[in-house]
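# Secondary and tertiary structure notes
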Amino acid sequence: MPMLETAMGRLSWFDNGCDDADAPRLMLLHSGAASHRQWRPLIAALGPGWHIVAPDLIGHGETPMPDHGRPTLEEEIALLTALLERMDGPIHLVGHSYGGAMALELAGRQPHRIASLAMYEPVAFSLLRNSGQRDAWREIASVAQRHIELVESGDTRTAAIAFLDYWVGPGALRAMPEHMQAYVTGCMNTVASEFRELLQARESIVVDPKSLAMPVLLLCGSKTTLAARGVIAELCRLLPAARHVNLAGAAHMAPVTQPDRVNPYLIDFLHTVAGVMEPQTA
C-alpha cells in the first residue's frame, strides 16, 4: 500500500485504483484496534464505480506510531487532512467508532470538502461530559481509566480482554484466532492514547451544526453500550436534520461482525447523496 510522508508522520492507505475522473470519492475510517481491512465487504459491495481510499489510522495496520509514542488527535487529523488534499472534488466520508469520531472532527474542520458524512457509533465521548448524560459519561470514563492503567502497568493482554469484553462481549478476544489476538493486543497502547484524547478535559470534538450542513447518517445498534448510545443521542440533538437509524439486535462492532446488516444502509445513503444508480441485475 502507498505510504504518505508528512511533517506530522506517516500514513498508509488502501486505494481501489479507480481512474474514472467522474467517479464519486469516498474515504473510509476504521474503528480502534482494526485496520482498513474491516471495510473490504463494503468496498466489494460498492463495486468499481467509486474511487475509494481507506487509511490505516495511527498505530493500526501499516501506519506506525509516532516516535514520541502517544499519537494526538491533532496528529491524526493532520494526516487525514493531508490524504484528503490528495483527492480531487467533494469527498463522501464514512467512519466507525474511533474512525467515526475522526470523521466527525474532519468534517467539522473541512466542511467545504465533505459531500456527506455517515457514522456508525462514533466515540466522540467528550460530547457526553456536559450533556447531562452522567451515567454514560461515568461508564466510559471508568472503562477508559482502567484501560489506561492496565496499559501503563504493561498488562496489554488484560487490557485487550477488557476492551473487547466491553465493546463486543465476554470472551471475545479468546474467541479470535491467535494472530488476531496478537494484533488487537498490540493495538492497546494506541487505544490508550485514543482514550486520553477523546476524554480529555477540553472539548476535543466540537459539533457545529452550521459547519455540518452536509447530509449526515447516524447508525446505532440496539445492543450497544450506554456510552455509545449517549453519543448518538447527543448528535441527534445537535444535528436534528441528520438521518438516524437504530439497528435492532446490532452491537458496537456490527460493521465488522455483521456487515450484511450495516452495509445496506451505508450503500443506500451513499448512492442517494452521490446520485449513483443501483447496478441492474440480469
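All of the points below concern the structure found in this document. None of these values were measured; they are calculated from a predicted model. (Residues numbered from 1 in each chain as written. Predicted model: local features only at pLDDT ≥ 70, side-chain atom pairs only at ≥ 80, totals over all residues. Heavy atoms only, no water.)

### Side note on the pairing of strand S3 (residues 25-29)
Worth spelling out the cut-off: Between buried and exposed lies partly exposed: a residue is buried under 20% and exposed over 50% of the maximum accessible area for its type, with that area taken using a 1.4 Å probe on protein chains only. The numbering of helices and of strands both runs from the N terminus, where a helix is a DSSP run of H or I of at least 4 residues and a strand a run of E of at least 2. Here, any two strands with at least 2 DSSP bridges between them count as paired. By convention a crossover is right-handed if, when the strands point away from the viewer, the path from the first strand over the helix to the second runs clockwise.
Counting buried positions over the five residues of S3 gives five, a clear majority of the element. Here S3 shows a buried face lined by Arg25, Met27 and Leu29 and a second buried face lined by Leu26 and Leu28. Pairing analysis gives three bridges linking S3 to strand S4 (residues 51-55), with the strands arranged parallel. Residue pairing in the sheet places leucine 26 in a bridge with isoleucine 52 of S4. With respect to chirality, the unit in which S3 leads through helix H1 (residues 40-46) into the neighbouring parallel S4 is right-handed. As paired elements, S3 and strand S5 (residues 91-96) share five bridges and run parallel to each other. Across the sheet, residue arginine 25 finds its bridge partner in S5, namely isoleucine 91.

### Description of the side chain of histidine 96
Here is the rule we go by: Two N or O atoms count as a polar contact when they lie within 3.5 Å, although within protein this holds only if one can serve as hydrogen donor and the other as acceptor, and sequence-adjacent residues are included solely when both atoms are side-chain atoms. Two residues qualify as a contact provided that any one of their heavy atoms is within 4.5 Å of a heavy atom in the partner residue.
Within the secondary structure layout, histidine 96 lies in strand S5. Looking at histidine 96, its side chain comes within polar contact range of the side chain of glutamine 38, at 3.2 Å. Look past the residues within four positions of histidine 96 in its chain and what remains in contact with it is Leu29, His30, Ser31, Gln38, Trp39, Tyr120, His252, Met253, Pro255 and Val256.

### What about the layout of surface pockets?
Over the atoms a probe the size of a water molecule is rolled, and this reveals where empty space is left. Heads up, the rule is: Cavities and pockets were defined on a 1 Å grid built from protein atoms only: a cavity is a group of points that admits a 1.4 Å probe but offers it no way out, a pocket is an open group of points flanked by protein on both sides within 12 Å along at least five of seven lines, and a lining residue is one with an atom within 4 Å of any such point. Grid points are joined across faces, edges and corners, and a volume is the space filled by probe spheres set on the points. Nonpolar residues are Ala, Val, Leu, Ile, Met, Phe, Trp, Tyr, Cys and Pro. Charged residues are Asp, Glu, Lys and Arg, and all others, Gly as well, are polar.
The volume enclosed by the largest pocket comes to roughly 630 Å³. As for the largest pocket, its lining consists of 31 residues, of which Gly32, Ala33, Ala34, Met253 and Val256 are closest to the centre. If you list the elements that add at least two residues to the lining of the largest pocket, you get H1, helix H6 (156-167), helix H7 (178-186), helix H8 (188-198) and helix H10 (254-257). The element best represented in the lining of the largest pocket is H8, accounting for four residues. Class assignment of the residues belonging to the lining of the largest pocket gives a composition of 21 nonpolar, seven polar and three charged.

### Focus: the packing of H6 against H7
For clarity, the threshold we go by: Axis lines are fitted through C-alpha atoms, for helices just across the contact stretch, and the angle between N-to-C directions can take any value from 0 to 180 degrees. Here the angle decides the label: under 35 degrees means roughly parallel, over 145 means roughly antiparallel, 65 to 115 means roughly perpendicular, and every other value means oblique.
Contact pair H6 / H7: the axes reach a minimum separation of 9 Å and the direction vectors enclose 100 degrees. The pairing of H6 with H7 is recorded here as roughly perpendicular in orientation. Here Thr156, Arg157, Ala160 and Leu164 of H6 come into contact with H7, specifically with Gln181, Val184 and Thr185. By residue class, the composition of the contact of H6 with H7 is three nonpolar, three polar and one charged.

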